[in-house]
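Observations on chain architecture
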Amino acid sequence: MASRFELLVFDWDGTLLDSAAAIVAAIQAACSDLGLPTPADERVRHVIGLGLHDALRYAVPNLPEERYPLMVERYRHHYLQHDHELQLFDGAAALIGELATAGFLLAVATGKSRLGLDRALRSSGLGGYFHASRCADECFSKPHPQMLDALMAELSVDPERTLMIGDTTHDLLMARNAGVASLAAGYGAHPAAALDALGPLARLQAIEEVAQWLRMNA
């Protein structure tokens with residue numbers, strides 16, 4: 001039987017990499033460095049997946065524009081202190097290898113910078129599996145559809161043959177805006193009810209569930 005999807009696009013943080021807690025801690029530590037009130041975990045988790053400036057605009061709404069560069073510098077300082085300790089979710093590497101062997105086109109759409117994603121792809125050993133990627137400093141931030149539109153154009157795949165897999169409402173909204181089906185990784189940054197409200201094909205609670213769903217439905 002022919003595959004339903006040709007292109008599988010993965011978010012990175014919170015979907016393949018177990019990094020949500022590190023992102024939250026880095027933003028909160030950066031706020032402390034600047035003498036700002038510490039935003040609640042829930043508020044910070046909401047911004048995971050956005051481009052960094054959009055994320056800070058929501059997480060720290062009272063931050064003056066002229067202090068953004070310093071906030072970004074402090075965030076990156078704290079995140080990079082622990083970047084080398086972050087691990088892929090159990091089963092993520094095996095899943096990507098299995099999908100590549102099965103002949104799917106694989107791509108990444110992420111709120112990371114190009115520098116950050118390239119570093120993550122090298123350290124994880126997964127870089128060779130992905131045919132294309134788009135980052136927040138190359139495109140409009142999620143949920144704008146530009147990342148998906150660019151990936152589909154580069155790889156010559158139609159929206160109905162593309163599936164977006166991500167752990168945040170930003171991922172699912174980007175998919176909707178691009179006319180693409182989505183799959184929710186319910187083990188990541190955003191709560192189940194918010195993901196379900198956006199109508200993904202399914203919400204899975206572990207990488208192995210994602211793998212099983214794709215074996216049966218992709």
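Keep in mind the model is a prediction, meaning the values are calculated, not measured.

A word on the environment of P69. As for its placement among the helices and strands, P69 is situated in helix α4 (residues 68-82). Here the alpha-carbon distance between P69 and H53, two residues 16 residues apart in the chain, equals 9.3 Å.

Residues L8, F10, W12, M71, F130 and L214 are the most contacted members of the largest nonpolar core, which totals 61 residues. Per-element accounting of this core gives the leading share, eight residues, to helix α1 (residues 20-33). Setting aside residues no more than four positions away along its own chain, F10 makes contact with T15, L16, L95, I96, L99, L106, A107, V108, A109, F130, M164 and I165. Of all hydrophobic cores here, the second largest spans 19 residues; its members include A107, A109, C139 and M147.

Put simply, the largest pocket is a space of about 540 Å³. Lining the largest pocket are 28 residues, with L52, Y75, G111, K112 and S113 sitting closest to its centre. When residues of the lining of the largest pocket are traced back to their parent elements, those giving at least two are α1, α3 (52-59), α4 and α6 (114-124). Residue classes in the lining of the largest pocket are distributed as 15 nonpolar, seven polar and six charged.

To continue, consider the side chain of D171. Residue position: D171 is located in helix α8 (residues 169-178). Polar side-chain contacts of D171 include one of 3.2 Å to the backbone nitrogen of D167. Residues contacting D171, with those up to four places away along its chain left out, are D11, K142, M164 and G166.

In this section: the pairing of strand β5 (residues 181-185). Extensive coverage of β5 is indicated by the burial of four of its five residues. Handedness of the crossover joining strand β4 (residues 162-166) and β5 through α8: right-handed. Judged from the two bridges that link them, β5 and strand β6 (residues 203-204) form a sheet pairing that is parallel. Residue pairing across strands places A184 opposite R203, the latter belonging to β6.

Rules used throughout
- Residues numbered from 1 in each chain as written.
- Predicted model: local features only at pLDDT ≥ 70, side-chain atom pairs only at ≥ 80, totals over all residues.
- Heavy atoms only, no water.
- Helix = DSSP H or I, 4+ residues; strand = E, 2+ residues; numbered from the N terminus.
- Core = buried A, V, L, I, M, F, W, Y, C linked by side-chain atoms within 4.5 Å.
- Buried < 20%, exposed > 50% of the residue type's maximum accessible area, 1.4 Å probe, protein only.
- Contact = heavy atoms within 4.5 Å.
- 1 Å grid on protein atoms, 1.4 Å probe; cavity = no way out; pocket = protein on both sides within 12 Å on 5 of 7 lines; lining within 4 Å.
- Points joined across faces, edges and corners; volume = space filled by probe spheres on them.
- Nonpolar A, V, L, I, M, F, W, Y, C, P; charged D, E, K, R; others polar.
- Polar contact = N/O pair within 3.5 Å; in protein donor to acceptor, adjacent residues only side chain to side chain.
- Right-handed = clockwise from strand over helix to strand, strands pointing away.
- Pairing = 2+ DSSP bridges.

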